[in-house]
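# Structure at a glance
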2 protein chains.
Amino acid sequence: MKNRPYHHGDLPSELLARAERTLREKGSGALSLRELARDIGVSPAAPSRHFKNKQALLDALALNGFERFDEAVAASQEGVGESFGERLDAMARAYVDFAVANAALLDLMFSVKHSLEASEALGAAAHRWSEQFLGLIAEGQRRGEVRKGPVERVALPVFAALHGYADLTVSGMLPPEMTAYGLDDVVASVLRQCGPE
Amino acid sequence: MKNRPYHHGDLPSELLARAERTLREKGSGALSLRELARDIGVSPAAPSRHFKNKQALLDALALNGFERFDEAVAASQEGVGESFGERLDAMARAYVDFAVANAALLDLMFSVKHSLEASEALGAAAHRWSEQFLGLIAEGQRRGEVRKGPVERVALPVFAALHGYADLTVSGMLPPEMTAYGLDDVVASVLRQCGPE
DNA sequence: CCACATTGTTGGCGTTGCATACATTGTTAT
DNA sequence: ATAACAATGTATGCAACGCCAACAATGTGG
């Protein structure tokens, strides 16, 4: 047990919290362990007790991101209609909302450079989220609203479209006027692509 | 027109070339101006004559990436059949091939942090590429193989799917066995979604 | 109360990005 | 030619960074 703090209160949590704030405000490149320590009011080397190096902190941030992403997606499915269309739309919207609200974090989550051990944990977190997604598709199939076939193979193009749209939005590659109807168009296309027959 | 070099031979080009090599080999985080200068054999401050800071070099790298991406996509359309399906498939394959062959570079190209002026140049480069893409869709419409509608709105979901699949592949979020049929499935889905019905 | 592990501090090392001042080389006008 | 000038590369220094090792303080369990 004992996750009670020793000296500071709860350095690891506060490190993550502050790190995410500066991530949001100034981008992932501007993240400095020393500055973090300074802001919190501990010595420059203190963070290293909890994150053995900078990459480890970034990994933890990404992992945390996946978990919150997971929750946001799950939450989007509550209190929404049962049709595949409605559920997909809600999930897509949650996806993109999370993406724009956490642009730099998403960059981090889907970036290439993660340590090997971290990659496993991240893979697991990503897997948990993909389970939700596959569940949605599978249920659509059960209801006859989604065409038949191996669920992962039906899901992949849908996943790609959502992720791609979110990524394009975040990286600012979309003309602003498109954000008005872009997601609607993507969801509509996905529905057309998924439909049975 | 004097693009002949002064002292070194052609520092800017060699900087870009070496930078891209280490980008490919060790990731964008491991890129150091000083190390670059050291490798090339010039003084630590020499690069600053051509790229006022590190970000400027990264921007140039991204811009260069878009140009080569542009070429690769254009090349993919030569000597391929005229049907929309074939052309789309060729373009998708060029997209993904470029992505996996230049993972870190793609990360850079679509990353969030670009200086404002660079963003304009990058936007222009991305625009040139999107023109090709829109052309493909428009031709598909002309041939009656793609459903009608404003070309950008028809294109966006297609673009999103391709980009998303490429990004997922690059960031290693796809189970390896999926890479075998993943792209085929995505292209097939896109075709289904685009069809005139 | 005493080992002992956990957490935080201090100080230092090598590296980095960047700015400034200076030296060298090419260009161009006279 | 040669003198002004711009373009390019060098030398040096600074503050900040990540990381490491040695040490101090604090809590935990026998």
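Residues numbered from 1 in each chain as written. Chains lettered and ligands numbered in written order. Predicted model: local features only at pLDDT ≥ 70, side-chain atom pairs only at ≥ 80, totals over all residues. Heavy atoms only, no water.

What follows deals with the overall build of chain A. The helix and strand tally for chain A stands at 8 helices and 0 strands. Here chain A holds 197 residues, and 46% of them are scored as buried. Counted over contacts in chain A with a minimum sequence separation of 6, partners at least 24 positions apart contribute 67%. Accessible surface, chain A as shown: approximately 9,600 Å² in total, 54% of it carbon and sulfur. Each charge class in chain A can be summarised by its mean position, and for the 22 positive and 27 negative side chains these summaries are 7 Å apart. (Helix = DSSP H or I, 4+ residues; strand = E, 2+ residues; numbered from the N terminus. Buried < 20%, exposed > 50% of the residue type's maximum accessible area, 1.4 Å probe, protein only. Contact = heavy atoms within 4.5 Å. Areas by Shrake-Rupley, 256 points an atom, 1.4 Å probe, with all protein chains shown as cover. Lys, Arg positive; Asp, Glu negative; His and termini not counted. Charge placed at Lys NZ, Arg CZ, Asp CG, Glu CD.)

A word on the relation of the copies chain A and chain B. When chain A is fitted to chain B, the best match, at an RMSD of 0.2 Å, comes from turning it 180 degrees and sliding it 0.0 Å along the axis. Such values leave the two copies arranged in the relation of a two-fold axis. Both copies present the same face, since 100% of the interface residues in chain A are matched by interface residues at the equivalent positions in chain B. (Least-squares fit on C-alpha atoms with pLDDT ≥ 70 in both.)

What follows concerns the UniProt feature "DNA-binding region" (unreviewed entry) in chain A. Per the UniProt annotation, the sites labelled "DNA-binding region" (unreviewed entry) are residues 32–51 of chain A. As a span, residues 32–51 of chain A carries 40% helix and 0% strand, and end to end its C-alpha atoms are 13 Å apart. (UniProt positions renumbered as here; feature names shortened; annotations may be inferred.)

So, about the pattern of salt bridges. All names here are of chain A. The full count for this structure, using the stated rule, is 20 salt bridges over all chains. Between D89 and R93 there is a salt bridge, and its shortest N-O distance comes to 3.0 Å. Here R93 and D89 lie together in helix α4 (residues 84–101), a separation of 4 residues that amounts to about one turn. Given the relative accessible area of 30%, R93 is considered partly exposed. What you see here is one network of salt bridges that share partners, running through E20, R24 and R68. (Salt bridge = Lys/Arg side-chain N within 4 Å of Asp/Glu carboxyl O.)

So, on to the environment of A94(B). All names here are of chain B. Within the element layout of this structure, A94 appears in helix α4 (residues 84–101). The spacing of A94 and V73 is 21 residues in sequence and 5.8 Å in space, taken between C-alpha atoms. Dropping the residues within four chain positions of it, A94 is found in contact with A72, V73 and S76.

Residues and elements named next belong to chain A. Domain parsing of chain A yields domain 1 (1–51) and domain 2 (54–194). One C-alpha centre belongs to domain 1, the other to domain 2, and the line joining them spans 29 Å. Opposite the 10 residues of domain 1 that make contact, domain 2 presents 13 residues. Regarding the contact of domain 1 and domain 2, the summed buried area is about 1,100 Å², with carbon and sulfur atoms giving 73% of it. (Domains from an automatic or database assignment. Buried area = accessible area lost by both parts, 1.4 Å probe.)

Opposite the 33 residues of chain A that make contact, chain B presents 33 residues. Per-residue buried area on chain A facing chain B is highest for R153(A), L156(A) and R192(A); these three make up 18% of the total on that side. Inspection of the chain A/chain B interface yields 2 salt bridges. Here D185(A) and R153(B) are joined by a salt bridge, their closest N and O atoms 2.8 Å apart. Summed over the shared surface of chain A and chain B, the number is 6 residue pairs in polar contact (both at pLDDT 80 or more). Within the residue set of the side of chain A that touches chain B, elements represented by two or more residues are α7 (151–170) and α8 (182–194) of chain A. A per-element tally of the side of chain A that touches chain B places α7(A) first, with 13 residues. (Polar contact = N/O pair within 3.5 Å; in protein donor to acceptor, adjacent residues only side chain to side chain.)

So, on to the environment of S130(B). Along the polypeptide, S130(B) turns up in helix α6 (residues 116–142). Considering only alpha carbons, one finds S130(B) and E152(B), 22 residues apart in sequence, at a separation of 9.6 Å.

All names here are of chain B. The end-to-end C-alpha distance of helix α1 (residues 11–26), which contains 16 residues, comes to 21 Å, matching closely the 22 Å that a straight helix rising 1.5 Å per residue would cover. Looking at α1, one finds that the buried residues are L11, L15, L16, A19, E20, T22 and L23. Seen from one end, α1 has its buried residues packed into an arc of 165 degrees, which puts them on one side. Of the surrounding secondary structure, the elements contacted by the buried residues of α1 are α2 (33–40), α3 (54–76) and α5 (103–109). At the C-terminal side of α1, G27 shows a positive phi close to 85 degrees. (Expected span 1.5 Å × (residues − 1). Arc of directions from axis to C-beta.)

Relative to the helices and strands, S189(A) resides in helix α8. If we skip the residues at most four places from it in the chain, S189(A) touches R147(B), P157(B) and Q193(B).

What follows is about the confidence of the model for chain A. For any part of a model where pLDDT is low, the fine detail of the predicted coordinates should not be relied upon. Residue and element names in this part refer to chain A. Predicted confidence across chain A gives a mean pLDDT of 92, with 96% of residues reaching 70 or more. Within chain A, the lowest mean pLDDT, 91, falls on helix α6 (residues 116–142), and the highest, 97, falls on α4. Below pLDDT 50 for its whole length, residues 1–5 participates in 1 contact with residues either more than four positions away or in separate chains. (pLDDT = per-residue confidence, 0-100.)

Residues and elements named next belong to chain B. Under the defined criterion, the tally for this structure stands at 16 aromatic pairs over all chains. Between F69 and Y95 the ring centres are 4.9 Å apart and the planes differ by 75 degrees, which places this aromatic pair in the edge-to-face class. Here F69, found in helix α3, pairs with Y95, found in helix α4; they are 26 residues apart in sequence, far enough to count as distant. Just as F69 is buried, Y95 falls in that class too. With 5.1 Å between their ring centres and 50 degrees between their planes, F69 and W129 make a pair best called tilted. (Phe/Tyr/Trp six-rings, centres within 6.5 Å; stacked < 30°, edge-to-face > 60°.)

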